[in-house]
Structures are given as structure tokens and as C-alpha cells.
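The chain contents come next:
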Amino acid sequence: MLIPQTNTPLQKALIVCLLFVLPLAVKAQSITLANAFAHNDYRHKRPLLDAETNGYTHIEADVFLHGGKLVVAHINPYFKGKRTLENLYLAPLSAQAIKNNGRVYAGNDQSVTLMIDIKTDAKKTYAELKTLLEKYRPILSSYDTGKVIMRAVTIVLSGNKPYDIVRKEKNRLAFIDEDLRKVERDTIANVSRMASCKYSKLLKWKGNGNISEREKQRLCDYVSIAHKNGEQVRLWASPDNKVVWKEILSCGVDLINTDKLVALKDFLVAQSSPGAVN
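Note that the coordinates shown come from a computational prediction; the quantities given were computed from them, not determined experimentally.

**Digging into the overall build of the protein**
For step 1, the next point in the chain: What the protein contains, in helices and strands, is ten helices and twelve strands.
For step 2, the next point in the chain: By the burial criterion, 53% of the 278 residues in the protein qualify as buried.
For step 3, the next point in the chain: Across the protein, the fraction of contacts at a sequence separation of at least 24, relative to all contacts at a separation of at least 6, is 62%.
For step 4, the next point in the chain: Carbon and sulfur atoms provide 52% of the accessible area of the protein, an area that totals close to 13,000 Å².

Spelled out as C-alpha cells, the structure:
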């Protein structure tokens, strides 16, 4: 259950901002897709909003520490000073959670995952990120002295991951995206919420003909171990086609990584597989 929070003056201001900024399309959104992951979300015409309009519950943003700001960019952050992690994601997500009584999507308790792909130095970027996340603590999932409390938004770190720092923290507002190929090693409980790897590192099959039994079993084995560790599984840079989507879902992969927001939404709705559409 997500925990509603008391509205502070800052939070009330965010609600007012939300009412003016978010389009009616998001308000009218009626489905949420548990298996949908918006890869490089910030590259869409309307970062966050396009993903939400299509019901996505997992969203990725590449982040650079530049000039003391956490800038969202694909490669070059130098001329994108206004496209910050806070402006594009944390502030609007907070406003929505406050407006919807502790939920990003009204009437749906699922925590929305914001994956932050760190592109600059892990230690320095995480230090700046921690300060920013504290500002939004009321709506963020947390790890507090051995207990995970799920709230409206869950932060997962990938890219240059500050793994050693995070695993030593007794109280934090971020989790780690584990390397799927390393899930067999002993993991620190509650450090990782997701296990990912590049599709081609596990599978050569691109949807032509049938997947080989060897490749399928290999994927299923990794998925099984990750699930025992309490981690969701994601394959990035996977072929963006329905044949591959259907096969990897059948192997237990939790998150379909895509740039084709509408196409994946339509596929998941049509599939109506358990866990795909809530």
C-alpha cells in the first residue's frame, strides 16, 4: 500500500503546477502496464507525459552531473541546463502523487519506477542526487534499517552505479539495477530491485523462426534466479517486435524495454497476459 503524505506548502504548489501543466490525455489515461519500460523516455516529444499517456510504469532517464545540476540528456548535456531531472521527472511525479493520494496513477497502487542511468562519475553524481531525492522523500520508496517501504515512485540506479556506497547505507532512497548475468552471486538483500542486461549478451535470436531451446532455457534460468532474489528482469536493446516480446514474456521477463510506446501498449493490451495489464 502506498502511503499518502501530508501536503506541505511546497507540495501544494506542485499540485497547482500539475493542474496547469499536465494535459488532459494523462488525466484520461485508464490503464497501467506493469510490463512496459520506456527506454530513454526523455527523447520523446513530451518526456514523462507520453509514457504516462500510454500507461507506462517504468521510465528511464540518462543523467549527467554538469555545473552542479543533474541534467537529462542522451550524450551532450552542455546546452540542456533547463532539462533537469527535477524539472522533467521528480517535480511532476511528486505533484501527481500528492494529487492522487499517494499514487502516480489514480486508483492504482503500483509504484512507478524511475530508472536513473548515471552517465558521469558514480560517487559525485550520487552525492548530488541524494540531496535532491531528500527533497522528494515523501513520495519515494525507501530502505530504512532493513525494511523497504514502497511509495509512489521507486528510484533505481543504472549506468555508473554507486553499488558499494548504496549497499553500505542503512537509510536510502535509491536501489540498484543488478547485472542479470551476475545474479548467481550472493546479493545484498534490498540493494537491488531490478536485474538487467543487454539482449544480445544472452540471446542471438531476433524473432526469425523459433528460438533455440538452449537460448530459451538459459534465459529462463537467469530469470528464475533473479525472481528468487526479488528482482524484476529487463533486457535492454532487445528487438522491438511482437514475436520477441511474446517469447521473452513467456520466459518470465518482467519488463519489455522499448522506444515504441504505442506499439508496446497495444501489444500488451491485446495479450492481456497475467501482470501485463492492471
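**Here we look at the nonpolar core**
Nonpolar side chains in soluble globular proteins tend to end up buried together.
For step 1, the next point in the chain: Core analysis: the biggest nonpolar cluster contains 68 residues, and Leu85, Tyr89, Leu114, Ile155, Leu157, Leu180 and Leu235 have the highest contact counts within it.
For step 2, the next point in the chain: At seven residues, the largest contribution of residues to this core is made by helix H4 (residues 85-99).
For step 3, the next point in the chain: When sequence neighbours within four positions are dropped, the list of residues in contact with Leu114 reads Ile59, Leu85, Tyr89, Leu90, Leu93, Val153, Thr154, Ile155 and Val156.
For step 4, the next point in the chain: The next biggest cluster of nonpolar side chains, apart from the first, holds five residues, and it includes Phe37, Val156, Met194 and Leu255.

**Some points on the packing of aromatic side chains**
For step 1, the next point in the chain: Enumeration according to the criterion identifies one aromatic pair in this entry.
For step 2, the next point in the chain: On the basis of an interplanar angle of 55° and a centroid distance of 5.4 Å, the ring pair of Trp245 and Phe267 is categorised as tilted. Taken together, the residues Trp245 in helix H9 (residues 242-250) and Phe267 in helix H10 (residues 261-271) connect sequence positions 22 residues apart. Taken individually, Trp245 and Phe267 each receive the classification buried, so the pair is uniform in this respect.
For step 3, the next point in the chain: Over the aromatic face of Phe37 sits the side chain of Arg234, whose NZ or CZ is 4.5 Å from the ring centroid.

**Side note on the sheet that holds strand S6 (residues 147-149)**
For step 1, the next point in the chain: Taken together, three strands build an open sheet; the order of strands is S6-S5-S8 and the sheet is antiparallel. Lying at the two open borders of the sheet, with one neighbouring strand each, are S6 and strand S8 (171-172).
For step 2, the next point in the chain: As judged from the two bridges shared by strand S5 (residues 142-144) and S8, these two strands associate in the antiparallel manner. Of the residues in S8, the one forming a bridge with Tyr143 is Arg172.

**As for unusual backbone geometry**
For step 1, the next point in the chain: One non-glycine residue with positive phi stands out, namely Asn40, at about 45°.
For step 2, the next point in the chain: Exposure remark for Asn40: the relative accessible area of 7% places this residue in the buried category.

**Remarks on a positive patch on the surface**
For step 1, the next point in the chain: Where like charges cluster on the molecular surface, the positive patch consists of Lys198, Lys201, Lys204, Lys206, Arg214 and Arg218.
For step 2, the next point in the chain: Secondary-structure assignment places Arg218 in helix H8 (residues 213-228).

**Looking at H10**
For step 1, the next point in the chain: Burial in H10 covers these residues: Leu261, Leu264, Phe267 and Leu268. Angular distribution of buried residues about the axis of H10 spans 135°; they occupy a single face of the element.
For step 2, the next point in the chain: Its buried side turned inward, H10 meets strand S1 (33-38), helix H3 (49-53), strand S2 (56-66), H9 and strand S12 (255-258).
For step 3, the next point in the chain: Taken from the residues just after H10, Ser272 is the one with a positive phi, measuring 50°.

**Some remarks on the pairing of strand S3 (residues 69-72)**
For step 1, the next point in the chain: Where S2 meets S3, four bridges bridge the pair, whose relative direction is antiparallel. Each bridged residue has a counterpart across the sheet, and for Val63 the counterpart in S3 is Val72.
For step 2, the next point in the chain: The turn joining S2 and S3, which pair antiparallel and follow one another in sequence, is formed by two residues; a positive phi near 60° is taken by Gly67.

**Description of the pattern of salt bridges**
For step 1, the next point in the chain: Tallied over the entire structure, the rule returns eleven salt bridges.
For step 2, the next point in the chain: The partner of Arg46 in a salt bridge is Asp50, and the shortest N-O contact between them spans 2.7 Å.
For step 3, the next point in the chain: Given the relative accessible area of 15%, Asp50 is considered buried.
For step 4, the next point in the chain: The salt bridge partner of Asp164 is Arg167, with a shortest N-O separation of 3.3 Å. Pair noted here: Asp164 and Arg167 are both in helix H6 (residues 163-168), with a separation of three residues, about one helical turn.
For step 5, the next point in the chain: Here Asp164 falls in the partly exposed class, since its relative accessible area comes to 47%.

**Structural notes on H4**
Spacing of three or four residues puts side chains on the same side of an α-helix, whose turn is 3.6 residues.
For step 1, the next point in the chain: Taking 1.5 Å as the rise per residue, H4 with 15 residues should run 21 Å; its terminal C-alpha atoms sit 20 Å apart, in good agreement.
For step 2, the next point in the chain: The buried count for H4 comes to 13 of 15 residues, which makes it a mostly enclosed element.
For step 3, the next point in the chain: Residue Asn101 follows H4 closely and has a positive phi angle near 60°.

**What about the side chain of Asp62?**
For step 1, the next point in the chain: Summarising the element assignment, Asp62 is placed in strand S2.
For step 2, the next point in the chain: A polar side-chain atom of Asp62 sits 2.6 Å from a polar atom in the side chain of Tyr42.
For step 3, the next point in the chain: Excluding residues within four positions of it along the chain, Asp62 makes contact with Asn40, Tyr42, Val71, Val72, Ala73, His74, Asp117 and Lys119.

Conventions adopted
Residues numbered from 1 in each chain as written. Predicted model: local features only at pLDDT ≥ 70, side-chain atom pairs only at ≥ 80, totals over all residues. Heavy atoms only, no water. Helix = DSSP H or I, 4+ residues; strand = E, 2+ residues; numbered from the N terminus. Buried < 20%, exposed > 50% of the residue type's maximum accessible area, 1.4 Å probe, protein only. Contact = heavy atoms within 4.5 Å. Areas by Shrake-Rupley, 256 points an atom, 1.4 Å probe, with all protein chains shown as cover. Core = buried A, V, L, I, M, F, W, Y, C linked by side-chain atoms within 4.5 Å. Phe/Tyr/Trp six-rings, centres within 6.5 Å; stacked < 30°, edge-to-face > 60°. Lys NZ or Arg CZ within 6 Å of the ring centre and 35° of its normal. Pairing = 2+ DSSP bridges. Patch = residues over 30% accessible without salt bridge, like charges linked within 9 Å, V, L, I, M, F, W, Y side chains within 5 Å. Salt bridge = Lys/Arg side-chain N within 4 Å of Asp/Glu carboxyl O. Lys, Arg positive; Asp, Glu negative; His and termini not counted. Charge placed at Lys NZ, Arg CZ, Asp CG, Glu CD. Arc of directions from axis to C-beta. Expected span 1.5 Å × (residues − 1). Polar contact = N/O pair within 3.5 Å; in protein donor to acceptor, adjacent residues only side chain to side chain.

None of the figures reported here should be taken as evidence of function without further support.
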